[in-house]
Amino acid sequence: MSATAPVLDVRDLRVWYGSARGAVRAVDGVSLQIRAGEVLGLVGESGCGKSTLGRGVMGLLPDGSAVDGQVLFQDTDLLKVSDRQLRRMRGPDIALIFQEPMTRLNPLMRIEDHFSETITAHEPKLSKAEVRRRSLEALGGMGIPPTRFRNYPHEFSGGMRQRIMIALALVLRPRLVIADEPTTALDVLVEAQILSILADLKRNFDTALLLITHNLGIVAEACDRVAVMYAGRIAEEGDARTVFSQPAHPYTRELLRSVISLNTTGLHYIPGAPPSLIDPPAACKFHPRCPDAMRVCALLAPVEQRLSAGQRVECWLHGPGDRIPEGGREPLEQEQIAVAEEA
Amino acid sequence: MADAGVLLEVEDLQVHFPLRGSFGARLVGKDVGAVQAVDGVSFSVARGEVLGIVGESGSGKTTLGRALLRLVDPTGGSIRLEGEDVLGLREREVRAMRRKVQMVFQDPHASLNPAMTIETAVGHPLRIHGITRDRADIRSRVSAVLERVGLSPPDQYLGKYPSDLSGGQKQRAVLARAVILSPSLLVADEPVSMLDMSVRAKILELMLGLKNDLDLTYVYITHDLATAKFFCDRVAIMYLGRIVEIGATDEIFANPRHPYTQSLLRAIPDPDPSRSIPRDLPRGEVPDAAEPPLGCRFHPRCPKAFAPCGWEARDLHDMLEQRWAVGGQELFEAERLQLGDLVGLDQPGSRATVPSATGTGADVATLLDHIREDDSRERIWYGIESITPRPGGAVIEFHRGHDPVLRPEGGAEVACHLYNPELADPPEQAPPA
Amino acid sequence: MASQLIARAGRAFGPVREARGVPRWIVWAGIVLTMLFVVMALTAPWISPYAFDQYQDASGQRFVKQQAPSSAHWFGTNVQSTDVMSRVIWGARTELKVVLFAVVVSLLVGLPLGLLSGYFGGPVDRVLVLIMDALFAFPYLLLAIVIAFLLSDKFGSGVATAAFAISAVYIPQYFRVVRNHVVSLREESYVEAARALGARPRTVIGRYVFQNVVQSVPVIATLNAADAILTLAALGFLGYGIQPTDAAEWGYDSSRALSDAGAGIWWTGLFPGMAIVLLVTGLTLLGEGLNDVLNPVLRRRKMEPVTLPPRAPQEDQG
């Protein structure tokens, strides 16, 4: 590790936005850090706020949303800088990779022009030959042949377009890359190719990567650390291997058990549905679905705890004991959850 | 007559979609080719069995599923359902046949009419097939089936619109609509892939329960090997319109034989951190089904391809491009300058001319020899028979390719020359010098 | 059934009631303006001081022509001695009758043709699209004049002729909108699902396609109605519309007022002109407002502002 100071330091971020039925608490007090050369996986089911968090970090939120907390990128609070400055930072400092590559490439521009536009916007003095050299290098790294440099986006397959998008994001050597479900639309074999490219990325460029996904397999495959999000908060965060082998939060554990993998022998699922972000359950937001719920879980919001294994977890099972009221450890009598009450 | 245990028999099924050429091409009646979505697929499904059709996008699995219901019209082959020839049916008979074969679609949000209540939607098959028009009767039957799929109490759901339901609930309603007529075959096209992880298992469990209660037979179409392994009795692996391997699930997953199946299995990201994806996976993507590769359709990406797999000019072009992509700008510019226009390599053919920029074929032959020395493990060199310098360029002759056919191999059937004793000279033979 | 219909109607108009902000004002302004004319049209025989073609009072005394507004004739009289106010009120009836008739006819023709053409595709679709595009490309006023001219032999120059002439202009519009919508709906899973259930094409079109296409009709119909008023007025203005003896028509009255304007007689032109402007504005506002309110894409974009509550101390959060 080159630096110990985190590249990105999110402190107690909240992002709420309005809807006809009330405020949606998409991100409700989230803290996380990513260091150079580190891949942090952000996992959660749909509607847990993970994409909003990614967008919040980039300042790409819909009008009317309310944000507070801090998003520190190398000591600059991204929530405080002007739109213009933020735009200048996108590219050389922070890059984004989206799920749908086709919607981000201009169909009327050759691949070459996409690259020269991106590069010269931030480094206008570069010579043409140098721009070309850098673009070809970035494309070559993604396995796109130089003979296709002057093609248009529609002449490429989906996987190639996604690789072009990644090359475009990396050509300026950003310090931080945020990838929002970058492989969801792709086939398994192509997905594996992209994942190995992303793994090379941190090795070669010391880039910090925030990988947002719903696929736990991808996190296990590509990430150093993982943050599990539930109803707008981080339930558990820590070293990916530790979290996956010894999950501390019941939600992580149950979610891992629900995944159908090649080793699955029996079906398992979490009863109930992820809660509405408009009117989430009181105290611990997972308590109505939690098999280990205690009385305290329905009374008080859990406090963040650091475990000896290194995880950070918000769950009363891990204490602190002195804040659990008398009788709080008694199992909670759950209301019956109907079979069909699901997402 | 089919034997009593067989519900569905598909033989040499072919679905080609003609490409629409330009106005001029249509005017002169020029044939612009066809997308070979499904190209010679045969299998059978026994009563009470779950057959998985597994493939990536572009494998033709969805088209195959739709062809089983005649939602698309096959261009060849045969489908027999309970011994009856499905392709010979007339329009009216096809509609009646659909009482026996139902389908569940991938996107639960899109497969219910947004303007219909759940009661109307789920009960609609009863009206369509004229089983009953009595409101009270429809309501009681709909209630019963909603109860069966876990939407209970049914009264709470009858009057709702699809937009009021969650994804899992919608898929339950879709299943209810599919089983209300007690069909014998249910074609399920990725029924859980759009659902959240914690819900998938619930829907699969429901489908297994329905199968047992209602004596259903499933054709389960998916790209997800993990759910297929759990859910299916037998699986067929499809690639570019053809079945490359078919057999009992246990056998396929324990001993995958086709290199494509092997790659797929190794490529799945697994939440178990002790497993990791190997790096020697097939590169590239599924090619265009309008002009599939010659011979075995997987050969351009296959890590084990050898001489008889159908090597051709396009593979040579791909190999050169791949080399230039990773080799860096200097290599690319140095080598590209020695070669003429490579457009001629884009046509399928087992003989190709690589034009020279200088006009001397010997230069090209030397360059190709040099490239071979650089990476002789590149599979294409197994397929090149000779490189002959000619004036203007080098002529490349490829080995004669063969179409692999499904042949039994240790409890499964696999379409791969590696398992054909007549062709499989030791595949690890060194590429000819 | 009735309760179901009411429920469905309630569902359709729910968004209008729930609408907020600018779209809400637009819709309601449109509704008020349009209703004003509808009421005027319905109650014309009672609220109008005279008949639209009346040029003398009950005692047989002829009205003074081109008389300035007075207590007897609030909007004055025109060159033919008829009462301007009565003609404006009766005119509302004519306009709405013609427009309603025209919208219904063009819907009855355009909607089914669009449904069939879009659903089945093929050569019939191509021919229909060609014909409709040709009609659409034709200058609309010229088209209306030609049809009106052809029909006037059979039906005379009355309401029916004008309505048919205007229908011909709008049929291609409905056809195009409906056909394109159907083409995109045809690819929807639920339409294919309906086929997979074994439904006949008739059922698929009626229950799955039509039900969803029909939701876009109120918006186009309202906007087209506004446009149709202008076309009718233009026909009348050019003298190809409804004859003054058949019915009162604002366009015709405006054209007759042309020569008055130079002589300082403003009332003969101002009132029918204002009626045209107000009714067209009302219908346009209604249409645009409905579009804003009913169109889900536009609606979803709209965000309510939120303010974050101050952070609660850890203990009693949530």
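Use the structure listed above.
Heads up: these notes are all about the structure in this document. What you see is a predicted model, and the numbers here were worked out from it, not measured in a lab.

## Considering the pairing of strand E7 (residues 185-189) of chain B
Residues and elements named next belong to chain B.
Reasoning step 1: When you tally the buried positions in E7, you get five out of five residues, the bulk of the element.
Reasoning step 2: Of the two faces of E7, the one lined by Leu-185, Val-187 and Asp-189 and the one lined by Leu-186 and Ala-188 are each fully buried.
Reasoning step 3: Pairing between strand E6 (residues 101-104) and E7: four bridges, direction parallel. Its bridge partner being in E7, Val-104 is matched across the sheet by Ala-188.
Reasoning step 4: The pairing of E7 with strand E8 (residues 217-222) spans five bridges and is parallel. Directly across from Leu-186, in E8, lies its bridge partner Tyr-218.
Reasoning step 5: What joins E7 to E8 is helix H8 (residues 197-214), and the crossover it makes is right-handed.

## Considering the interface of chain B and chain A
Reasoning step 1: With 49 residues of chain B in contact, the opposing surface of chain A contributes 49 residues.
Reasoning step 2: Breaking the side of chain B that touches chain A down by element, the ones donating at least two residues are helix H7 (167-179), H8, helix H9 (225-231), helix H11 (259-267), helix H12 (313-327) and helix H13 (329-336) of chain B.
Reasoning step 3: In terms of residue count, the dominant contributor to the side of chain B that touches chain A is H8(B) (eight residues).

## With respect to the sheet that holds strand E4 (residues 66-73) of chain A
The strands making up a sheet associate through hydrogen bonds between their backbones, and the pairing can be parallel or antiparallel.
Residue and element names in this part refer to chain A.
Reasoning step 1: Overall, antiparallel pairing links the four strands, which are arranged E2-E1-E4-E5 in an open sheet. In this open sheet, the two strands that pair with only one neighbour each are strand E2 (22-34) and strand E5 (76-77).
Reasoning step 2: Pairing geometry for strand E1 (residues 8-19) and E2, over nine bridges, is antiparallel. Bridging from a neighbouring strand, Leu-8 pairs with Ile-34 of E2.

## As for the interface of chain C and chain B
Reasoning step 1: Counting residues at the interface gives 15 residues for chain C, matched by 20 residues for chain B.
Reasoning step 2: Elements supplying a minimum of two residues to the side of chain C that touches chain B: helix H8 (189-196) and helix H9 (201-213) of chain C.
Reasoning step 3: Take the side of chain C that touches chain B: its biggest share by element is six residues, from H8(C).
Reasoning step 4: When grouped by side-chain class, the residues that make up the side of chain C that touches chain B number six nonpolar, five polar and four charged.

## Points about the environment of Ile166(C)
Residue and element names in this part refer to chain C.
Reasoning step 1: By secondary structure assignment, the location of Ile-166 is in helix H7 (residues 159-186).
Reasoning step 2: Take Ile-166: there are 30 C-beta atoms within 10 Å of it, and that puts it in the buried class.
Reasoning step 3: Spatially, the C-alpha atoms of Ile-166 and Ile-147 are 8.5 Å apart, while their sequence positions differ by 19 residues.
Reasoning step 4: When sequence neighbours within four positions are dropped, the list of residues in contact with Ile-166 reads Val-98, Ala-102, Ala-144, Ala-228, Thr-231 and Leu-232.

## Overview of the pairing of strand E9 (residues 234-239) of chain B
All names here are of chain B.
Reasoning step 1: For E9, the tally of buried residues reaches six of six residues, placing the bulk of the element in the interior.
Reasoning step 2: Of the two faces of E9, both are covered, the one formed by Arg-234, Ala-236 and Met-238 as well as the one formed by Val-235, Ile-237 and Tyr-239.
Reasoning step 3: Across four bridges, the pairing between strand E3 (residues 50-54) and E9 is parallel. Bridge assignment links Ile-53 to a residue of E9, and that residue is Ala-236.

Scoring rules and cut-offs
- Each residue is numbered by its place in its chain's sequence as written, counting from 1.
- Throughout, the order in which chains and ligands are written sets their labels, letters from A for the former and numbers from 1 for the latter.
- Note on the predicted model: pLDDT of at least 70 is required for a residue's local features to be given, and 80 or more for side-chain atom pairs to be given and counted; whole-chain, interface and lining totals, by contrast, use all residues.
- Whether a residue is buried, exposed or partly exposed follows from its count of other C-beta atoms within 10 Å of its own C-beta, namely 20 or more, 12 or fewer, or something in between, respectively; the C-beta atoms are built from the backbone.
- Each helix is a run of DSSP H or I of at least 4 residues and each strand a run of E of at least 2, with the numbering of both proceeding from the N terminus.
- The rule for pairing is simple: two strands pair if DSSP sees at least two bridges between them.
- Consider the strands pointing away from the viewer: the crossover is right-handed when the path from the first strand over the helix to the second runs clockwise.
- Each residue is represented by a C-beta atom placed from its backbone, and any two residues with such atoms within 7 Å are regarded as in contact.
- Under the scheme applied, nonpolar residues are Ala, Val, Leu, Ile, Met, Phe, Trp, Tyr, Cys and Pro; charged residues are Asp, Glu, Lys and Arg; polar residues are all the others, including Gly.

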